[in-house]
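Close look at the chain arrangement
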Amino acid sequence: MPTQDRSADGLKEPGGKSPAAQPARQVLSDSVYESIKAMVMDHEIAPGARVGIDALSRTLGVSPTPVREALARLEADGLVVKRSLSGYRATELLTQQGLEELFEMRLLLEPRAAALAATYATEEQLDTIERIVEEMRTLPGPTGRYADYRDFAVLDQRFHDALAAASHRPLLADAVERLHSHLHIFRLSNMKATEDPTLAEHERVVRAVLRRKADRAAEAMTEHLALSLRRQLARGADA
């Protein structure tokens, strides 16, 4: 009786694909997602413009499948929208009213999340929040093209999401994460500051959370969000 081939090449996933093919496919999918995301963030795909799957496939030199997967992820991020009969379009930039409403929601949710994190965060969660801020110190802030500050933007979002998760209120954490606020803010065309005080403001929040000072954590987060909104509105007035 012949022995069964249980090597990586012999094992097949449903559909005939080997497990070794799965990571490579995921790497391609992630790469296409990041490429299209950068185009949207830098307005190479203009706000409101149609996003053609075939055109992107040719531009990136890939099949349409990873492009479709990337656009589905970007739709979940709120960066593109799918419309019946017309395909995908890049979402419009936030208006001043939209920006103010976004921060109104954040001011309702995130100070409370910070206060609860100061009370209920585990030591492991506190370590994670500290590590995020430490890593942000090593990265360039929001200047130049999205590719130059992408890692900073990702960690900025992760910081707020990690604080919300540490509140141990799943619905609250989910609401904070679903806002995708940082993608919309960093996408604003006038978000090219040479200096940004975000990190210092984050550090004040972290110090309060680490000291288990719930009231101070809420105050520090409120201050951070209020100052961030003020910066955005000032940049809009200067544009």
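Details of the structure are given in the entry above.
When its secondary structure is counted, the chain shows 10 helices and three strands. Tracing the chain from N to C terminus, the helices and strands come up as α-β-α-α-β-β-α-α-α-α-α-α-α. Here the chain, with 239 residues, has 41% of them falling under the buried criterion. A separation threshold of at least 6 residues defines the contact pool for the chain, and within that pool the share at least 24 residues apart is 73%. When the accessible surface of the chain is totalled, it reaches about 13000 Å², and 52% of it is carbon and sulfur.

Quick look at the environment of Leu60 now. Tracing the sequence through the fold places Leu60 in helix H2 (residues 53–60). Distance from Leu60 to Ser31, taken between C-alpha atoms, is 9.9 Å for residues 29 residues apart in sequence.

Counting through the fold element by element, His180 comes out in the loop between helix H7 (170–178) and helix H8 (181–186). Beyond its immediate chain neighbours, meaning those up to four positions away, His180 contacts Ala76, Asp77 and Gln157.

Right, let's get into the pairing of strand E3 (residues 87–90). As paired elements, strand E1 (residues 50–51) and E3 share two bridges and run antiparallel to each other. Following the sheet pairing, Arg50 is matched in E3 by Arg89. With four bridges connecting them, strand E2 (residues 80–83) and E3 associate as antiparallel partners. Paired with Val81 across the bridge in E3 is Arg89. Between E2 and the antiparallel strand that follows it, E3, lie three residues; Leu85 among them carries a positive phi value of about 75°.

By the definition in use, this model includes two aromatic pairs. Consider the rings of Tyr146 and Tyr149, whose centres lie 5.5 Å apart with planes at 85°: the pair is edge-to-face. Of this pair, Tyr146 and Tyr149 both sit in helix H6 (residues 146–165), three residues apart, which is roughly one turn of that helix. As far as the burial class goes, Tyr146 and Tyr149 line up, both buried. Taken together, a centroid distance of 5.5 Å and an interplanar angle of 40° make the contact between Tyr149 and Phe186 tilted. One end of the pair, Tyr149, is in helix H6; the other, Phe186, is in helix H8, with 37 residues separating them in the sequence. In terms of burial, Tyr149 and Phe186 fall into one category: buried.

In spatial order, the strands read E1-E3-E2; together these three strands make up an open sheet with antiparallel pairing. The two strands at the open ends of the sheet, each matched to only one other strand, are E1 and E2. Relative to the sheet, helix H3 (residues 64–77) contacts E1, E2 and E3, its axis offset from that of E2 by approximately 110°.

Further remarks concern the pattern of salt bridges. Inspection of the entire model under this criterion finds 13 salt bridges. As a salt-bridge pair, Asp30 and Arg73 come within 2.9 Å of each other at their nearest N and O atoms. Note that Asp30 is positioned in helix H1 (residues 21–41) and Arg73 in helix H3, a separation of 43 residues in sequence. Since its relative accessible area comes to 30%, Asp30 is described here as partly exposed. In this structure, Glu123 and Arg212 form a salt bridge, with 3.5 Å as the shortest nitrogen-oxygen distance. Residue Glu123 is located in helix H5 (residues 123–136), and its partner Arg212 is located in the loop between helix H9 (198–210) and helix H10 (214–238); the two are separated by 89 residues in the primary sequence. Given the relative accessible area of 34%, Arg212 is considered partly exposed. Within the structure, one salt-bridge network assembled from shared partners comprises Glu34, Arg150 and Asp151.

About the criteria used
- Residues numbered from 1 in each chain as written.
- Predicted model: local features only at pLDDT ≥ 70, side-chain atom pairs only at ≥ 80, totals over all residues.
- Heavy atoms only, no water.
- Helix = DSSP H or I, 4+ residues; strand = E, 2+ residues; numbered from the N terminus.
- Buried < 20%, exposed > 50% of the residue type's maximum accessible area, 1.4 Å probe, protein only.
- Contact = heavy atoms within 4.5 Å.
- Areas by Shrake-Rupley, 256 points an atom, 1.4 Å probe, with all protein chains shown as cover.
- Pairing = 2+ DSSP bridges.
- Phe/Tyr/Trp six-rings, centres within 6.5 Å; stacked < 30°, edge-to-face > 60°.
- Axes fitted to C-alpha atoms, helices over the stretch in contact; angles between N-to-C directions.
- Salt bridge = Lys/Arg side-chain N within 4 Å of Asp/Glu carboxyl O.

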